[in-house]
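The lines below spell out each chain.
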Amino acid sequence: MTCSDEGDDVVHTRGDLVRPLAAVVAVTAILVASVPPAAGQWLHGLGLAVTLGAAVWGLRQLPSTRRASWRLVIAGTILLAVDEFTAHVTGLSDGATAVQSALVLLPALTMTGTALLAIGIASMVRSGRWGDQAVLLDAVVVGTSVLALTTVLVSGSTWHVAADWMTARLQFGVHPLLQLVLLFTVVRLVNRGRRGPATNLLATGVLVVLGATIATAFALVTDRDPSPGLLAAAALLGHGAIVLALLVDDADGRTVVDTAPRVEPSRAALLLAAMLLLPLTLLLTATNQRDVVVALMTTTVLLVLSVRLWLLLHELRRASDARVASQARRDERRFAALVRHMSDVLLVVDDQGIVTFASPSAARMLRTDPAGWHVRDIVEHLHPSERKATIGAVVDHINRPSPAAPLRIKTRLLDASDAQQYLDITVADLRDDNDVAGVVLTMQETTERTDLIRQVRELARRDSLTGLANRDVFNERLEHALARASREGRRLAVLTCDLDDFKDVNDTLGHAAGDVVLQTLSSRIQAVLRSSDTLARFGGDEFAVLCEDIESTHDAGLFARAVLGTTDEAVVIDGHRMRLGMSIGVVVDSGDRNAVEILRDADIALYEAKGQGKRRWVLHRIAMTLRNRARLQLADDLAHALADGALDVAYQPIVDLQHGDRIVGVEALVRWDHPEQGQLSPDAFVAIAERSGMVTAIGTFLLDEGLQTLRRCLDRDPELVLRLAVNVSVRELREPLLINHVVTTLDRYAIDPDFLVLEVTESSMFDDTDLSLSVMRQLREQGVRFAVDDFGTGYSSLAYLKQLPVDIVKVDQSFIADLDEPVSVDLVRAIVEIGRTLRLDVCAEGVETAAQHDALVELGCAFGQGFHHSRPMSADELLGVLAAEPERFVQRERSS
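For every chain, the first residue of its written sequence is number 1, and the numbers climb from 1 along that sequence. This being a predicted model, a pLDDT of at least 70 is required before a residue's local features are given, and a value of 80 or more before pairs of side-chain atoms are given or counted; all residues contribute to the totals for chains, interfaces and linings. No hydrogens and no water enter the side-chain calculation; it runs on all heavy atoms of the structure.

Asks: If you had to explain the overall build of the protein to someone new, which residues and values would you point to?
Replies: Runs of E in the DSSP output that reach at least two residues are strands. Runs of H or I that reach at least four are helices, and both are numbered from the N terminus. Across its full length, the protein holds 30 helices and 23 strands. Accessibility here uses a 1.4 Å probe with only protein chains present; expressed as a share of the type maximum, an area under 20% marks a residue as buried, one over 50% as exposed, and anything in between as partly exposed. Out of the 896 residues belonging to the protein, those deemed buried represent 44%. Residue pairs in contact within the protein that sit at least 24 positions apart in sequence constitute 67% of those at least 6 positions apart. Residue-level accessible areas treat just the shown protein chains as cover; the underlying method is Shrake-Rupley with a 1.4 Å probe. On the protein, roughly 45,600 Å² of surface is accessible, and the fraction owed to carbon and sulfur atoms is 57%. Only heavy atoms matter for contacts: two residues are in contact if any of them lie within 4.5 Å across the pair.

Asks: For unusual backbone geometry, give the residues involved together with the corresponding values.
Replies: Its identity is not glycine, yet D661 carries a phi of approximately 60°, on the positive side. Tracing the sequence through the fold places D661 in the loop between β15 (647–656) and β16 (662–674). On the basis of relative accessibility, which here comes to 25%, the residue D661 falls in the partly exposed class.

Asks: Describe the nonpolar core, and please don't skip the residues or the numbers.
Replies: In plain words, nonpolar cores are sets of buried Ala, Val, Leu, Ile, Met, Phe, Trp, Tyr and Cys residues tied together by side-chain atoms within 4.5 Å. By size, the foremost hydrophobic cluster in this structure holds 78 residues, and its most contacted members are L707, L724, L756, L779, V828 and L856. Take this core: its biggest share by element is eight residues, from helix α22 (residues 695–716). Setting aside its immediate chain neighbours within four residues, V828 contacts V811, F815, I816, L819, L856 and L859. Core analysis: the second largest hydrophobic core is formed by 39 residues, A55, I74, L182 and L247 among them.

Asks: For the pairing of strand β8 (residues 491–500), give the residues involved together with the corresponding values.
Replies: Among the 10 residues of β8, nine are classified as buried, and the element is accordingly described as predominantly covered. Note that β8 and strand β10 (residues 542–550) share eight bridges and pair antiparallel. Note that in β10 the partner of T496 across the bridge is A544. Alignment of β8 against strand β13 (residues 581–589), held across nine bridges, turns out to be antiparallel. Across the sheet, T496 pairs through a bridge with G585, a residue of β13. Only strands joined by at least two bridges in the DSSP assignment are considered to pair.

Asks: Give a description of the packing of aromatic side chains that names residues and reports values.
Replies: Side-chain rings of Phe, Tyr and Trp, where Trp is taken by its six-membered ring, are said to pair if the distance between their centres is within 6.5 Å; with planes under 30 degrees apart they count as stacked, over 60 as edge-to-face, and otherwise as tilted. This structure, assessed with the given rule, holds one aromatic pair. Where F474 meets F538, the ring centres are 5.4 Å apart and the plane angle is 80°; that geometry is what we call edge-to-face. Taken together, the residues span a long stretch of sequence, with F474 in helix α15 (residues 471–488) and F538 in strand β9 (residues 534–539) at a distance of 64 residues. Two thresholds decide whether a charge sits over a ring: the Lys NZ or Arg CZ must be within 6 Å of the ring centre and within 35 degrees of the ring normal. If you follow R471 out to its NZ or CZ, it ends over the ring of F538, 4.1 Å from the centre. Sitting over the face of the ring of F867, R871 holds its NZ or CZ atom 4.0 Å from the ring centroid.

Asks: Mind laying out the side chain of T496, listing which residues take part and the relevant values?
Replies: By secondary structure assignment, the location of T496 is in strand β8. Overall, T496 belongs to the buried group, its relative accessible area being 0%. Only 3.1 Å separates the side chain of T496 from the backbone oxygen of A602, close enough to count as a polar contact. Here T496 is in contact with F543, A544, S583, I584, G585, L599, A602, D603 and L606, once residues within four sequence places are set aside. A 3.5 Å cut-off defines polar contacts: any pair of N or O atoms within that distance qualifies, except that in protein one atom must be a possible hydrogen donor and the other a possible acceptor, and neighbouring residues in sequence count only when both atoms are side-chain atoms.

Asks: So what's going on with the layout of surface pockets? Which residues, and what values?
Replies: Its boundaries defined by the atoms lining it, the largest pocket holds a volume of some 1,300 Å³. The set of elements that each furnish at least two residues to the lining of the largest pocket consists of β16, α21 (682–692), α22, α23 (730–733), β19 (756–761) and β20 (785–791). Top element by residues in the lining of the largest pocket is α21. It accounts for six residues. Across the lining of the largest pocket, the residue classes tally to 14 nonpolar, 11 polar and 15 charged. A cavity here means a set of 1 Å grid points, computed over protein atoms only, where a 1.4 Å probe fits but cannot escape. A pocket is an open set with protein on both sides within 12 Å along at least 5 of 7 lines, and lining residues have an atom within 4 Å of a point. Grid points are joined across faces, edges and corners, and a volume is the space filled by probe spheres set on the points. Under this grouping Gly is polar, as are all residues other than the nonpolar Ala, Val, Leu, Ile, Met, Phe, Trp, Tyr, Cys and Pro and the charged Asp, Glu, Lys and Arg.

Asks: Please give an account of the environment of R387 that cites residues and values.
Replies: In this fold, R387 is placed in helix α13 (residues 384–398). Note on R387: relative accessible area 25%, which makes it partly exposed. For the pair formed by R387 and T411, sequence separation is 24 residues and the distance between their alpha carbons is 8.7 Å. In contact with R387, not counting residues within four places along its chain, are V379, E380, L382 and L414.

Asks: Go over the sheet that holds strand β7 (residues 438–445) with me, naming the residues and quoting the values.
Replies: Taken in spatial order, the five strands line up as β4-β3-β7-β6-β5 in an open sheet, and their pairing is antiparallel. For this open sheet the edge positions go to β4 (355–358) and β5 (407–414), each flanked by a neighbour on one side alone. Shown here is a sheet whose adjacent strand axes are inclined to one another by a mean of 25°, direction ignored. Of the pairings in the sheet, the one linking strand β3 (residues 345–349) to β4 comprises three bridges and is antiparallel in character. Residue pairing across strands places V348 opposite F357, the latter belonging to β4. Between the N-to-C directions of two axes lies an angle of 0 to 180 degrees, each axis being a line fitted to C-alpha atoms and, for a helix, fitted only over the stretch in contact.

Asks: Account for the pattern of salt bridges, with residues named and values stated.
Replies: When a carboxyl oxygen of Asp or Glu is within 4 Å of a side-chain nitrogen of Lys or Arg, the pair counts as a salt bridge. In the structure shown here, the tally under the stated rule is 30 salt bridges. In this structure, R530 engages D533 in a salt bridge whose closest nitrogen and oxygen atoms are separated by 2.8 Å. The partner of R712 in a salt bridge is D876, and the shortest N-O contact between them spans 3.1 Å. Of this pair, R712 sits in helix α22 while D876 sits in helix α30 (residues 875–884), placing them 164 residues apart in sequence. Overall, D876 belongs to the exposed group, its relative accessible area being 54%. Among the ionic contacts, a cluster of salt bridges with common partners joins R484, E488, R490, E548 and D549.

Asks: For helix α28 (residues 822–837), give the residues involved together with the corresponding values.
Replies: Spanning 16 residues, α28 covers 22 Å between terminal C-alpha atoms, matching the ideal 22 Å at 1.5 Å per step. Taken together, the buried positions of α28 are S824, V825, V828, I831, V832 and G835. When α28 is viewed along its axis, its buried side chains cluster within an angular range of 125° and face the same direction. Across α28 from its buried face, at more than 90 degrees, point the exposed residues P822, V823 and T837. Buried residues belonging to α28 abut β20, β21 (808–811), α27 (813–816), β22 (841–845) and α29 (850–859). In the segment just after α28, R839 is the residue with positive phi, at about 60°. Helix span, as expected, comes to 1.5 Å for every residue beyond the first. As used here, the arc belongs to the directions running from the helix axis to the C-beta atoms.

Asks: Break down the sheet that holds β9 for me, with residues and values.
Replies: Spatially, β9-β10-β8-β13-β14 is the arrangement adopted by the five strands of the open sheet, whose pairing is mixed. Looking along the sheet, the strands with just one partner apiece sit at the ends: β9 and β14 (616–619). Sheet twist, expressed as the average angle between the axes of neighbouring strands with direction ignored, equals 20°. Across the sheet, helix α17 (residues 511–528) is in contact with β8, β9, β10 and β13; its angle to β9 comes to roughly 155°.

Asks: Hey, could you go over helix α24 (residues 737–748) for me, with residue numbers and the actual values?
Replies: In this model α24 runs 17 Å from its N-terminal to its C-terminal C-alpha over 12 residues, within 8% of the 16 Å that 1.5 Å per residue would give. Listed as buried for α24 are L738, I739, V742, T745 and L746. Buried residues of α24, seen end-on, are gathered within an arc of 145° and therefore sit on one face of the element. Facing away from the buried side of α24, by more than 90 degrees, are the exposed residues L737, N740 and D747. Two residues or fewer past α24, A750 is found with a positive phi of approximately 55°.

Asks: Report on the packing of α22 against α30, specifying residues and quantitative values.
Replies: The interhelical angle for the contact between α22 and α30, taken along N-to-C directions, is 20°, at an axis separation of 10 Å. As far as their axial angle goes, α30 and α22 are roughly parallel. The hand of the α22/α30 crossing is right-handed. Taking contact as the criterion, the partners of T709, R712, C713 and R716 in α22 are, on α30, A875, D876, L878, L879, L882 and A883. Under this scheme an angle from 65 to 115 degrees is roughly perpendicular, one under 35 degrees roughly parallel, and one over 145 degrees roughly antiparallel; angles in between are oblique. Crossing handedness follows the turn of the near helix against the far one: under a right angle anticlockwise gives a left-handed crossing, and clockwise gives a right-handed one.

These figures capture arrangement, not role.
What follows is the structure, given as structure tokens:
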């Protein structure tokens, strides 16, 4: 409770009432026992009131988690106090009526109070397993002896109180059993709890109250002088002890905890006294000499048996102590053996820094026994650069007034040959440990581990195949070189190198052969560089070179040509001569850009070199970066256009040149109306779509839109013969799922597969030819036709066309544009003849003039498409032409 008086807080705790209450209870008990009965009665009541009031106040001060058990104990105490006070008042009254009234009231109060007290004390002991057997047996011994003595004395008395039968049975039947339970809980409390003031006071108070209750009941029922003052004083002392236990209860939240039962002299004495109650009972009730002899002999046997058991326990304790001592000696010998053979060094240093103990391994590490050395003598064996810091840290740790956390030091030691060894030293302050009484230095030799860690770290910075620096090391050196170039006004060059067609080596000769090529070329490149230059392998067949301190761009070109020249000589592997090219991107900088930007620009220049035909080096220009950024932006815009449905499809008619230019088909062409750049042709973004992987999505869109438009045309004119040509990318041709997609889309729009023509560029056919041919053959078996687009720009030959499952050859527009030249006329005539020989239809692309048209008709070309016949049109425009000029289209009956 906290009170405020003029701004000062005064805190009252339960402990503040212990001494005053103890004094009040003691003085009141003495007065009750010594003053006249009438005055003693009032003093008894006053003492109980003060005591129980303190109990109620103490309960309120307890934490809520600790009140439950004490509420039961205090409730039982209050009921028993009322019982005792009633008995005291009854003992001072005359006449049978008063005695009868007391006997009717006392059993209910006494039994309820005893039960609550037992439950409360039992809940204070926390037991998690069956560990109460010994305590139970002790309680049974004591309780049975006390109950036997009480029963014998009561049953042998001249009890003639006119109480009813039920009251008598409750008083002398159920009540003794409750008292036995209470006695058991007290014994369990003392034997299984942690001894302390609260435990001792609580047990003492309960036993005193229990004794006073039994004595009071016995006096009332036997018509003997109850000595009310003396019994009331005893009861008051018992209740006071219980309340004092509440006030001094420990702060851990429990009066007792679960511990193992202990065998102590006091406990043995209690059990012996309880057992002697039985022969004492026989002596008190003896009616002849034989009973006296039996009682005395029983007492003798019990005493001798107790001594014998005590000796046995003593021997068992000695044997247990001997086993513990033997185990301790074994542990000590084991520890000594471990210390003798351990590789780590253990040193114990006293407050003055003198070594008082050294393990045998110390002599091996320090070349002599360091016992008696000062800690500075040990430090002298360390590497000179480590001595000052190490001795300072160790001495500072030793001089600290209080123990600190262990100190860990990494240092180096010089061995007998002055070779350095790595050490880990741990300094632990164990001066407060009586078994050690010093500062312990543990010295662990870690040379092998340190070397291994260094090797692992070095391997992590090297390429495992070539032994060159890896990307991380290259980036670090590039950052340092850029900082130095910026600071000192110097220039540097970075070359990113990529082998041309290296995949062919792995595919034809295997990856082991590819590894030999990489190792050979890395050695060659290293040989043409300066020792100050850095060569790194970034992975695969990609290398990077850092050349510092160059004078000009011309010097960078010299380095690039030297590196490029390392591929001039063939690499011989198992008799196979492999001659590879290399593409190189070069960046020259003065520290104006960071490493990320340098490598990015070098890669841009590298891909420019590959785009220009490989086997060359290209110096980066700012325009390249701008173009690359434009491509990236266009790729991002294209992704959004696909997601938003912003692409369109245009249809360019394909006409029959030999039959009046009638429309026999249309080619679906993707169109993109860019929000900033306007209408873009496929040439502006298809290559970007190929590189980014979006070309598959474009192909899916184109096929779906084209077949949907074709369905609309056929619905308008069911007799129409109109084929749809759709371009197929290399990525799509490598995808086996293309077959199912094409067939499913044809079925969805109910289109005859013969009406679909898939156009494949000539050059793409040689990328993964086997897979491409397999997909084409399976689609052709479904009825789909194939056309070779841009024929004449790639690997044109009769053998090539013969192995392809194609139906149409489309002549590239570059040949049609030059039909006014004899050479071009001869080339187109040859292509037409090849088609006729292989039974393939020939279609000319890019027909823009009447002269070109007439020349193609004369050469016998079957089909043509271009601006001369029609510009690409939308789906609605195509349907409009079909509606307005149906005669321009090939009809089914006309084609028969």
